[in-house]
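Architecture at a glance
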Amino acid sequence: ELKVEQNPLFLSMQEGKNYTIYCNYSTTSDRLYWYRQDPGKSLESLFVLLSNGAVKQEGRLMASLDTKARLSTLHITAAVHDLSATYFCAVDSGNTDKLIFGTGTRLQVFP
Amino acid sequence: DAGVTQSPTHLIKTRGQQVTLRCSPKSGHDTVSWYQQALGQGPQFIFQYYEEEERQRGNFPDRFSGHQFPNYSSELNVNALLLGDSALYLCASSPYYSGANVLTFGAGSRLTVL
């Protein structure tokens, strides 16, 4: 059974600091997705990583994928309050559109 | 261009009742997937519909059923509701065989079972 684990589950960080969220998955897959979810809202796609070594950046967020280690990271640079949300990684199970999600990392950025 | 629309946005039911949730896919998308997201958890795949047939199913009991109409819209039905069915139900659409990289999620229907 494919499993996706994220850590930490909760992250409280000060504005201006850097941190990394980790996503490990249990089976071979070369497609990994990062989503953002604000409270009570739907999922917003952040990054789609489609090959080993893929790195994508958008603003203060950068995501990378190591398929050999079955690991993806989401790095936050100089955090700001607007980044406060829950972040999910998800892996394509090999079937079209069937995503297996991690439990999420709830990020809180404070002044 | 409207994205994925879901209705209702919120609803409250009691144990044992039945509920129907509706989803209209994004224009140009013909495949609809449903996910259940319990509070504090990641979404879990329920099933996927394409060409009016269920193509894939996750680990959900038969109380969860669905339907897809010729216009690609979809319904999720849950019978004999349990307290544990309380969750946000997300609909996602995509063009078939396109992969999850073009998956678009709706805003969800929040179901509370009392």
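Everything quoted here is computed from the prediction, not taken from an experiment. (Residues numbered from 1 in each chain as written. Chains lettered and ligands numbered in written order. Predicted model: local features only at pLDDT ≥ 70, side-chain atom pairs only at ≥ 80, totals over all residues. Heavy atoms only, no water.)

Taken together, the contacts link 25 residues of chain B with 18 residues of chain A. Buried surface at the junction of chain B and chain A, summed over both partners, amounts to about 1600 Å²; 53% is from carbon and sulfur atoms. Remark: the boundary between chain B and chain A carries 0 salt bridges. Contributions of two or more residues to the side of chain B that touches chain A are made by strand S4 (31–37), strand S5 (44–50), strand S6 (53–57) and strand S9 (87–94) of chain B. Looking at the side of chain B that touches chain A element by element, the count peaks at 4 residues for S4 of chain B. Looking at side-chain class alone, the side of chain B that touches chain A contains 10 nonpolar, 13 polar and 2 charged residues. (Contact = heavy atoms within 4.5 Å. Buried area = accessible area lost by both parts, 1.4 Å probe. Salt bridge = Lys/Arg side-chain N within 4 Å of Asp/Glu carboxyl O. Helix = DSSP H or I, 4+ residues; strand = E, 2+ residues; numbered from the N terminus. Nonpolar A, V, L, I, M, F, W, Y, C, P; charged D, E, K, R; others polar.)

Turning our attention to the nonpolar core. Residues Leu32, Trp34, Leu74, Ile76, Tyr87 and Leu107 of chain A are the most contacted members of the largest nonpolar core, which totals 25 residues. Elements with a minimum of two residues in this core: strand S2 (10–14), strand S3 (19–25), strand S4 (32–37), strand S5 (43–49), strand S7 (61–66), strand S8 (71–76), strand S9 (85–92) and strand S11 (105–110) of chain A. Per-element tally for this core: the top contributor is S9 of chain A, with 4 residues. Apart from the residues within four sequence positions on either side, Leu32 of chain A is in contact with Cys23, Tyr25, Phe47, Val48, Leu49, Leu65, Ser72, Cys89, Ala90 and Val91 of chain A. In terms of nonpolar packing, the next biggest core, distinct from the first, is built from 20 residues, Val4, Val32, Phe60 and Leu111 of chain B among them. (Core = buried A, V, L, I, M, F, W, Y, C linked by side-chain atoms within 4.5 Å. Buried < 20%, exposed > 50% of the residue type's maximum accessible area, 1.4 Å probe, protein only.)

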